[in-house]
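These are the residues of each chain, in order.
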Amino acid sequence: MADFLEYSSISSEIRGAMCPGKLKMTDTSIVFKSDKTGKVEQINANDIELLNYQRFVGSFGLRVFLKNGSLHRFLGFTGDEGKIADFVKKNYKLDMLEKELSMRGWNWGAVHFKGAVLSFDVENKTSFEIPLNHVSQCNVGKNEVTVEFHRNDDAPVSLMEMRFHIPTSESADIDPVEAFQENVMKQASVISVSGDAIAIFREIHCLTPRGRYDIKVFQTFFQLHGKTYDFKIPTSSVLRLFLLPHKDNRQMFFVISLDPPIKQGQTRYHFLVTLFQMDEETNIELPFSEEELREKYEDKLTKELSGPVYEVLGKIMKVIINRKLTGPGSFIGHSGTPAIGCSFKAAAGYLYPLERGFIYVHKPPVHIRFEEIASVNFARSGGSTRSFDFEIELKTGTVHTFSSIEKEEYSKLFDFISSKKLHVKNTGGKASYKDDFADSDNEGEPDAYLARVKAEAKERDEDDDDGSDSEESTDEDFNPNQQESDVAEEFDSNVESSSDSDEDGSGGGGSGSGSDAEKKRDKRKEKKEKIKEKSPKKKVKEPREKKSKKSSKTKDANAPKRPATAFMLWMNATRDQIRKDNPGLSITEIAKKGGELWKDLKDKKDWEAKAAKAKENYTEAMAAYKASGGGASTDNGKGEKRKKGPSTTPRKADVSSQMTGSGFKSKEYIEDTSSSGDSDNDAKKKSTKKAKQPENDKKSTEKKKSKKSESESEMSESEEEDDDMSEGSD
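Residues numbered from 1 in each chain as written. Predicted model: local features only at pLDDT ≥ 70, side-chain atom pairs only at ≥ 80, totals over all residues. Heavy atoms only, no water.

Here we look at the overall build of the chain
Consideration 1: Looking only at helices and strands, the chain has 16 helices and 35 strands in total.
Consideration 2: In the chain, 49% of the contacts between residues at least 6 apart in sequence involve partners at least 24 apart.
Consideration 3: Carbon and sulfur atoms make up 48% of the accessible area of the chain, which amounts to about 43200 Å² in all. (Helix = DSSP H or I, 4+ residues; strand = E, 2+ residues; numbered from the N terminus. Contact = heavy atoms within 4.5 Å. Areas by Shrake-Rupley, 256 points an atom, 1.4 Å probe, with all protein chains shown as cover.)

So, in structure tokens, the structure goes:
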């Protein structure tokens, strides 16, 4: 048989509420750990007086009655009565019998007090039991006793009061009502200040609840005495004690975790947070003899205690309450302290990574155990690159977000998370932060390297523009003859075709039919009339400046070779070694691996010096190459370069002349041709346009009289312009 029994889905009855957790039965004790608070409750086998099991719907429970009169109940067991009974018989030497309950719905019976339990029996069977440590007050009347209970906010329904009617008996020497009240009050959890306090600490600064309080420590409780409120807190409600240094290294937090919490109006406080100055000291003499200290506290306390206030208070609370005093873990942040400055729910505070969890101080305080955490996540902080958010997702689905953490804390916090083997949600490795939080600084970050590479590429492009020849490229897809072409329509709407003048005998060599020309002319008239309806004023038509098209670049084979960057020099020298160290990598993967190694390379001065030397040599060679006539080109004054010598590629003038044969003559191509001609033709063209300017103004005034005369004058004007331009091109 196993030396222990373990059950994972067991609930413990605590103040009327069922708290889920895990139960483990060993040969020496019964241990229950709450899933909600993580509190461990241990019952020694030697303290058990009775151990029974009780039947419930679909399961059964254990009733553990201790020798000191207290009662513990656990339920959620299924089908293991015999196994548990054999284990209890072997290890605890107890017979586990069934506790029979009365199923009668009677409200009269007999009351029995056994230890700290009130049992109401009907026909010698228990109807219900009340642990008296749940009782907060007991009041009596003439024949009536009222029992009040502590409220449990976690219980869906709380029993607050019970009333018992007790008949009087003349033969009894003692009043049964008073006897009933006395038995209840002996074991009730009623805090009454009696006797002197063990220690008193005056004017302690409390952050939660806020104010100045006197802390008085008694044997079974401690009291917070303030100007407005008083709190009496049983030592049994203390879960944990924390002693945490402030980030400024001049103050100290002392935090007390409570369950159940204390209440101030409708506000509940699960944590008491006090703040001490490190240089404040105190001297306290305890009201115990040496024998009492030895017997009660096993020499853990001395009669006189002196030192900093937080240290003395922590030591007394630790021994009296019998709880561990938790300090900061092994984590040390960027500032050299275990505290991480952050914000939680729009309030600034400090996050402390502990050995078994996280605690946030102070508004509101939050304690998160590692076993509650499903995953953690690092995220960008509201678009800022100087900080990040740390998100903790619990197994229950709740997410706690600690924001505005300095980015320097990332590596420290990530290493701590990795050492505790917590699941990081958004990454499989440490590089995710730098991928997500790049461009935060130009020094020491990957984006600084990227900026330098971009600058070098820009310099190479500028050198390329200076040292390479270019030539204009013809647009082979341009086809103004196509009737459905948007480009053709655009040009047709601005410039009249020479085919329109063929019918008037002006010549043009058009091969199109007259009917087609008339249709096109009618379309153009309709478009112009629509435009004039929209725009009431006629604007003087000015010559349109020709936009220079971006020319394609061709590399000059005789030009000096561009210099390599520092990275490329290093890569060429180490590529074989990378391929040797990482067999099986493709060319792309080798280049990527080289980039990663180059980023991690600390000393790059030698390679940068070589790159600078290579660039100087390139500059000198390029200057000598240009001086010798290399890369020379003719410029038309508008930034367009033309190759020397004949070219087999048809120029735009040729293309435009070919178009005239098909009935179209584009104004843009005519202007391009005239710009590449002689200077005499340019002067002739300009003088012709200046001479036409008054005529244009005159015609524009005549067009306002009627739409018909307006369209005819426009047609004649465009035809004359085409003739003048064709003369300039000739």
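Let's talk about the sheet that holds strand β5 (residues 48-56)
Consideration 1: Here eight strands make up an open sheet; going across it, the order is β4-β3-β2-β1-β7-β6-β5-β8 and the pairing mixed. On the outer flanks of this sheet lie β4 (40-44) and β8 (97-98), each paired with one strand and no other.
Consideration 2: Sheet strands in contact with helix α1 (residues 81-91) are β1 (5-14), β2 (17-25), β5, β6 (59-66) and β7 (71-77), and its direction is about 90 degrees off that of β1. (Pairing = 2+ DSSP bridges. Axes fitted to C-alpha atoms, helices over the stretch in contact; angles between N-to-C directions.)

Considerations on unusual backbone geometry
Consideration 1: With an omega of 5 degrees, the peptide bond running from aspartate 259 to proline 260 counts as cis.
Consideration 2: As for its placement among the helices and strands, proline 260 is situated in strand β20 (residues 251-264).
Consideration 3: Note that the residue after valine 361, namely histidine 362, is joined by a cis bond; omega there is 25 degrees.
Consideration 4: Mapped onto the fold, histidine 362 is located in the loop between β27 (357-361) and β28 (366-369).
Consideration 5: Not every positive phi belongs to a glycine, and asparagine 124 is a case in point at roughly 65 degrees.
Consideration 6: Residue placement: asparagine 124 occurs in the loop between β10 (117-122) and β11 (125-131).
Consideration 7: If you check the backbone angles, asparagine 322 has positive phi at about 65 degrees while not being a glycine.
Consideration 8: With respect to the helices and strands, asparagine 322 occurs in the loop between α4 (309-321) and β24 (325-326).
Consideration 9: Of the residues examined, asparagine 322 reaches a relative accessible area of 58% and is grouped as exposed. (Buried < 20%, exposed > 50% of the residue type's maximum accessible area, 1.4 Å probe, protein only.)

Section: the packing of aromatic side chains
Consideration 1: According to the stated counting rule, one finds 30 aromatic pairs in the structure shown.
Consideration 2: Both rings, one in phenylalanine 331 and one in phenylalanine 416, keep their centres 5.7 Å apart while their planes meet at 75 degrees; by these two values the pair is edge-to-face. Placement of the pair is phenylalanine 331 in the loop between β24 and β25 (340-344) and phenylalanine 416 in helix α5 (residues 410-419), with a sequence separation of 85 residues.
Consideration 3: Owing to a relative accessible area of 3%, phenylalanine 331 belongs among the buried residues under this scheme. (Phe/Tyr/Trp six-rings, centres within 6.5 Å; stacked < 30°, edge-to-face > 60°.)

Notes on the pattern of salt bridges
Consideration 1: Counted by the stated rule, this structure contains 17 salt bridges.
Consideration 2: Residue lysine 22 is joined to aspartate 35 by a salt bridge in which the shortest nitrogen-to-oxygen separation is 3.3 Å. One end of the pair, lysine 22, is in strand β2; the other, aspartate 35, is in the loop between β3 (29-34) and β4, with 13 residues separating them in the sequence.
Consideration 3: Look at lysine 22 and you get partly exposed, because its relative accessible area is 41%.
Consideration 4: The partner of glutamate 372 in a salt bridge is arginine 369, and the shortest N-O contact between them spans 3.6 Å.
Consideration 5: Classification of arginine 369 as buried rests on a relative accessible area of 8%.
Consideration 6: Each of Glu13, Arg63, Arg73 and Glu129 takes part in a single network of salt bridges with overlapping partners. (Salt bridge = Lys/Arg side-chain N within 4 Å of Asp/Glu carboxyl O.)

Some remarks on the pairing of β4
Consideration 1: As judged from the five bridges shared by β3 and β4, these two strands associate in the antiparallel manner. The residue of β4 that forms the bridge with serine 29 is asparagine 44.
Consideration 2: Counting the residues between successive antiparallel strands, the hairpin from β3 to β4 contains five residues, one of them, glycine 38, with a positive phi of roughly 75 degrees.

Quick notes on the nonpolar core
Consideration 1: Judged by nonpolar contacts, the single largest core of 39 residues is most densely connected at Phe201, Phe222, Ile256, Leu286, Ile316 and Met317.
Consideration 2: Ranked by residues supplied to this core, first place goes to α4 with nine residues.
Consideration 3: What phenylalanine 222 contacts, discounting residues up to four positions off in sequence, is Lys216, Val217, Phe231, Lys232, Ile233, Val238, Ile256, Leu272, Met317 and Ile321.
Consideration 4: One finds Cys342, Tyr410, Phe416 and Ile417 within the second-largest nonpolar core, a separate group that totals 26 residues. (Core = buried A, V, L, I, M, F, W, Y, C linked by side-chain atoms within 4.5 Å.)

Some remarks on a negative patch on the surface
Consideration 1: A cluster of acidic side chains, namely Glu518, Asp522, Glu526 and Glu529, defines a negative patch on the protein surface.
Consideration 2: Among the structural elements, glutamate 529 can be located in helix α9 (residues 514-534).
Consideration 3: With a relative accessible area of 39%, glutamate 529 lands in the partly exposed category. (Patch = residues over 30% accessible without salt bridge, like charges linked within 9 Å, V, L, I, M, F, W, Y side chains within 5 Å. Lys, Arg positive; Asp, Glu negative; His and termini not counted. Charge placed at Lys NZ, Arg CZ, Asp CG, Glu CD.)

Considerations on the packing of helix α10 (residues 566-581) against helix α12 (residues 605-627)
Consideration 1: The geometry of α10 relative to α12 is characterised by a closest axis approach of 8 Å and an angle of 115 degrees between their N-to-C directions. The orientation of α10 with respect to α12, classified from their angle, is roughly perpendicular. Viewed along their axes, α10 and α12 form a crossing whose handedness is right-handed. Here α10 contributes Ala566, Leu569, Trp570 and Ala573 to the contact with α12, which in turn contributes Trp607, Glu608, Lys610 and Ala611. (Parallel < 35°, antiparallel > 145°, perpendicular 65-115°, else oblique. Left-handed = near helix turned anticlockwise from the far one by under 90°.)

Some remarks on the sheet that holds strand β13 (residues 144-149)
Consideration 1: Read across the open sheet, the three strands follow the order β12-β13-β14; overall the sheet is antiparallel. Unpaired on one side and paired on the other, β12 (135-140) and β14 (161-165) mark the two borders of the sheet. Strand-to-strand twist of the sheet, defined as the mean angle between neighbouring strand axes without regard to direction, takes the value 15 degrees.
Consideration 2: In the sheet, β13 pairs with β14 via five bridges, with the strands oriented antiparallel. Each residue of the ladder has a partner; that of threonine 146, found in β14, is arginine 163.

Quick look at α1
Consideration 1: Burial in α1 covers these residues: Ile84, Phe87 and Val88. Each buried residue of α1 lies within a common arc of 95 degrees when the element is viewed along its axis, so the set occupies one face.
Consideration 2: Check the buried side of α1 and you find it contacts β1, β2, β5, β6 and β7. (Arc of directions from axis to C-beta.)

Description of the environment of arginine 15
Consideration 1: Topologically, arginine 15 is positioned in the loop between β1 and β2.
Consideration 2: For arginine 15 and serine 158, which are 143 residues apart along the polypeptide, the C-alpha to C-alpha distance reads 8.6 Å.
Consideration 3: Arginine 15 has contacts with His134, Asn152 and Pro260, leaving out every residue within four places of it along the chain.

Observations concerning the packing of α10 against helix α11 (residues 587-600)
The description of two packed helices rests on the angle between their axes and on the distance between the axes.
Consideration 1: Packing of α10 against α11 brings their axes to within 10 Å, and their N-to-C directions diverge by 115 degrees. As α10 packs across α11, the resulting crossing turns out to be right-handed. Contacts between α10 and α11 involve Ala566, Phe567, Trp570, Met571, Arg575, Ile578 and Arg579 from the former and Ile590, Ala591, Lys593, Gly594, Gly595, Leu597 and Trp598 from the latter.
Consideration 2: Classifying every residue of the contact of α10 with α11 gives nine nonpolar, two polar and three charged. (Nonpolar A, V, L, I, M, F, W, Y, C, P; charged D, E, K, R; others polar.)

Re the confidence of the model for the chain
Consideration 1: When the pLDDT values of the chain are averaged, the result is 75; 68% of them are 70 or greater.
Consideration 2: The low-confidence segment residues 428-449, where pLDDT is below 50, has 37 contacts with residues more than four positions distant or belonging to other chains.
Consideration 3: Contacts for the low-pLDDT stretch residues 467-513, under 50 throughout, to residues beyond four places or in other chains number 82 contacts. (pLDDT = per-residue confidence, 0-100.)

Brief notes about the environment of lysine 610
Consideration 1: By secondary structure assignment, the location of lysine 610 is in helix α12.
Consideration 2: Taking relative accessible area as the criterion, lysine 610 reaches 46% and is therefore assigned partly exposed.
Consideration 3: Separated by 41 residues in the primary sequence, lysine 610 and leucine 569 have C-alpha atoms spaced 8.0 Å apart.

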